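Residue-level listing of the chains:
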Amino acid sequence: MQSAGNAEVMATLTGIFRDIFDNPSLVLQDSMTAADVENWDSLNHIDLIVAIEKKFKVKFTTREVTSLKTVGDLAELIEKKLATKP
Amino acid sequence: MTFTSFNFLLLLPLIVALYQIVPPRARALYLLVVSYAFYCTWSLGGAVALAVATALTFHAGKVVGNPASERRGRKVFLVTILLLVAYLSIFKIAAVVPLGGLAGFALPLGLSYYTFKLMSYIIDIYWGKIEPATNRIDFATAIAFFPQLSAGPIQRPADFLEQVPPQRTLVWQGLARVVWGLAKKMLIADSLAPTVNYVYSHIGSGPGGVHGAALLAGFYLFPLQLYADFSALTDIALGIGMMFGIHGPENFNRPFTASSISDFWRRWHMSLTNWLADYVFTPLRMATRSAGTAGLVFSIAVNMVAIGLWHGLTWGYLMFGLVHAGYLVVDALTTRRRATFFKKRPSMNWVGEWFGWLLTFHLVLIALVFFRAHTVSDAIWLLSHAWRGLTHAKGDLSPVLAAAGSKLLLMGLAGYAALELAERFRPDQWWLRFQLTAPNWLGRAVQFAAGAFVVTALVMLTIRSGSHASAFLYQVF
């Protein structure tokens with residue numbers, strides 16, 4: 001089950017993904033990986049991360065960024081960062 | 001011993017047959033013994049160096065992965081990475097400049113591949129992506145696994161270890177893939193090689209130098225030869241892996257159909273480019289992300305130069321990397337504009353697709369001239385003189401064809417066309433569909449015929465390799 005916080009994060013993430021990957025009809029799911037989203041490759045992955053950092057006002061480390069496998073992992077990491085933010 | 005050598009092809013069935021009677025829990029040990037025996041046919045000293053590097057990384061991994069000693073783990077991590085990079089670099093440097101006593105040493109077989117496996121292992125532990133391996137024999141097998149040892153693909157140790165102990169072997173499917181690779185190597189790559197070799201060793205204005213159309217032949221044929229050769233090597237490595245129940249990563253996905261340079265790098269030598277994307281490009285891009293476009297350009301440049309120099313420390317490989325860095329920067333900085341342009345003009349899409357493919361193909365070919373030519377000045381000579389004198393095509397080509405053999409070249413070209421068609425239409429998948437729908441007796445009959453064909457082809461290719469085996473282009477790295 002998705003919590004209310006998760007739904008909110010996913011909605012914001014969807015907006016960022018649609019903008020970065022230039023696809024207004026993109027619908028995100030927790031299980032999605034880079035292979036499921038057209039044009040999502042290592043070249044623009046960090047553009048996505050920078051956009052997320054700006055929007056949510058959080059910071060990621062290289063270790064965190066390279067450990068992400070799915071969109072769900074990303075959403076979970078953002079929630080964790082938001083929850084521990086001072 | 002290379003994969004196309006007569007001895008290897010004779011020994012392989014024996015190694016595979018014995019494997020079938022080895023109990024699963026002893027299979028990793030069996031593969032380890034075979035792998036080191038294979039390595040020892042090349043060099044005993046090299047095998048010892050491989051064992052030392054493996055043992056060192058295994059023990060370092062345990063320290064780095066121990067959450068109780070984070071500070072010590074960090075130190076051990078840095079020292080291990082430095083040692084591995086130094087080990088790789090010293091031999092790469094010694095290959096081009098005499099370095100004291102090292103000048104007489106050849107590059108240890110598969111050095112560039114196994115050091116990359118070891119580095120990915122220790123970095124993944126440091127990043128907390130994987131736990132340290134628990135079994136030293138399994139780990140040593142993952143690093144030394146003989147099908148991948150001399151030329152990849154670069155399989156991450158964690159991916160290999162997940163498949164140990166191997167349960168289900170796919171001997172027939174693996175064999176079919178090996179035969180496919182051998183055919184590609186011997187019938188296509190080796191048929192194109194004499195023409196390419198002749199052109200690239202006769203560049204310049206001196207006597208015997210080739211002109212116009214002959215230079216163009218070298219320009220267009222080398223990439224086809226390289227792809228047939230290197231993808232054949234990958235096919236054989238993956239096919240042999242399947243016979244032992246190990247699935248390795250694919251290296252190619254129809255690279256010459258790419259519609260942009262970034263698309264090309266998602267399709268060419270994928271196990272190397274994925275490695276660099278994970279451990280070089282992404283960390284650099286993260287570190288420079290506040291620098292905007294400058295950070296992107298810097299990260300692409302370092303990454304592509306690393307890809308070039310991974311092949312060897314020569315000016316040609318450096319140029320290959322730099323040229324691709326230039327391409328990729330332009331690609332990355334214009335992606336959005338291009339997408340917007342074509343979105344506004346949907347009727348132009350087909351022009352974009354065809355032009356994108358044609359442009360990408362030629363840009364890739366230009367970079368590969370630096371990869372193949374003996375010197376950078378040879379490469380520039382070829383590129384600047386290939387478009388002259390096209391009116392004398394017949395006269396330009398005749399010395400090349402006389403030396404390299406026009407029948408052989410025609411066979412190579414026909415074979416290459418068949419290769420591209422096979423990759424486009426995938427007859428192996430028709431076969432799978434046929435097996436599911438055909439009546440049982442017909443399925444069995446065809447299966448028997450196909451098995452007989454694969455075995456006959458293997459025997460014929462083995463005999464052929466006995467008469468003239470040539471080394472694979474990617475086994476020297």
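Everything numeric in this text was worked out from a predicted model, so none of it was measured.

Undergrad: Got a sec to walk through the domain arrangement of chain B? Specific residues and values, please.
TA: All names here are of chain B. Taken domain by domain, chain B consists of domain 1 (27–167) and domain 2 (173–476). Of all the elements in the fold, those that place two or more residues in the side of domain 1 that touches domain 2 are α4 (70–94), α5 (111–126) and α7 (146–149). Take the side of domain 1 that touches domain 2: its biggest share by element is five residues, from α5. Its residues placed into classes, the side of domain 1 that touches domain 2 shows 14 nonpolar, eight polar and one charged.

Undergrad: Can you tell me about the environment of Gly356(B), naming the residues and giving the values?
TA: Residue and element names in this part refer to chain B. Here Gly 356 is to be found in helix α15 (residues 349–372). Note: C-alpha distance between Gly 356 and Ser 259 (97 residues apart in sequence) is 5.0 Å. Not counting the four nearest positions on each side in its chain, Gly 356 is found in contact with Ser 259 and Ser 260.

Undergrad: How would you sum up the interface of chain B and chain A? Please name residues and give values.
TA: Frequently, the measure chosen for interface size is the accessible area removed from exposure when the parts meet. Contacts between the two partners involve 16 residues from chain B and, on the opposite side, 12 residues from chain A. Its residues assigned to classes, the side of chain B that touches chain A comprises seven nonpolar, three polar and six charged.

Undergrad: Break down helix α6 (residues 136–144) of chain B for me, with residues and values.
TA: Turn by turn, an α-helix covers 3.6 residues, leaving residues three or four places apart pointing in a common direction. Residue and element names in this part refer to chain B. Most of α6 is tucked away, with seven of its nine residues classed as buried. Those residues of α6 lying buried are Asp 138, Phe 139, Ala 140, Thr 141, Ala 142, Ile 143 and Ala 144. Residues of α6 that are buried in the fold lie against α2 (27–42), α3 (44–64), α5, α7 and α8 (157–161).

Undergrad: With reference to specific residues and values, describe the nonpolar core.
TA: All names here are of chain B. If you look at the biggest cluster of nonpolar residues, it comprises 127 residues, and the most contacted ones within it are Ile 122, Ala 144, Leu 149 and Phe 370. When residues of this core are sorted by domain, at least three fall in each of domain 1 (27–167) and domain 2 (173–476). Apart from the residues lying within four places of it in its own chain, the contact partners of Phe 370 are Gly 316, Met 319, Phe 320, Val 323, Val 376 and Ala 379.

How each quantity is defined
Residues numbered from 1 in each chain as written. Chains lettered and ligands numbered in written order. Predicted model: local features only at pLDDT ≥ 70, side-chain atom pairs only at ≥ 80, totals over all residues. Domains from an automatic or database assignment. Helix = DSSP H or I, 4+ residues; strand = E, 2+ residues; numbered from the N terminus. Nonpolar A, V, L, I, M, F, W, Y, C, P; charged D, E, K, R; others polar. Contact = placed C-beta atoms within 7 Å. Buried ≥ 20, exposed ≤ 12 C-beta atoms within 10 Å, placed from the backbone. Core = buried A, V, L, I, M, F, W, Y, C linked by C-beta atoms within 7 Å.

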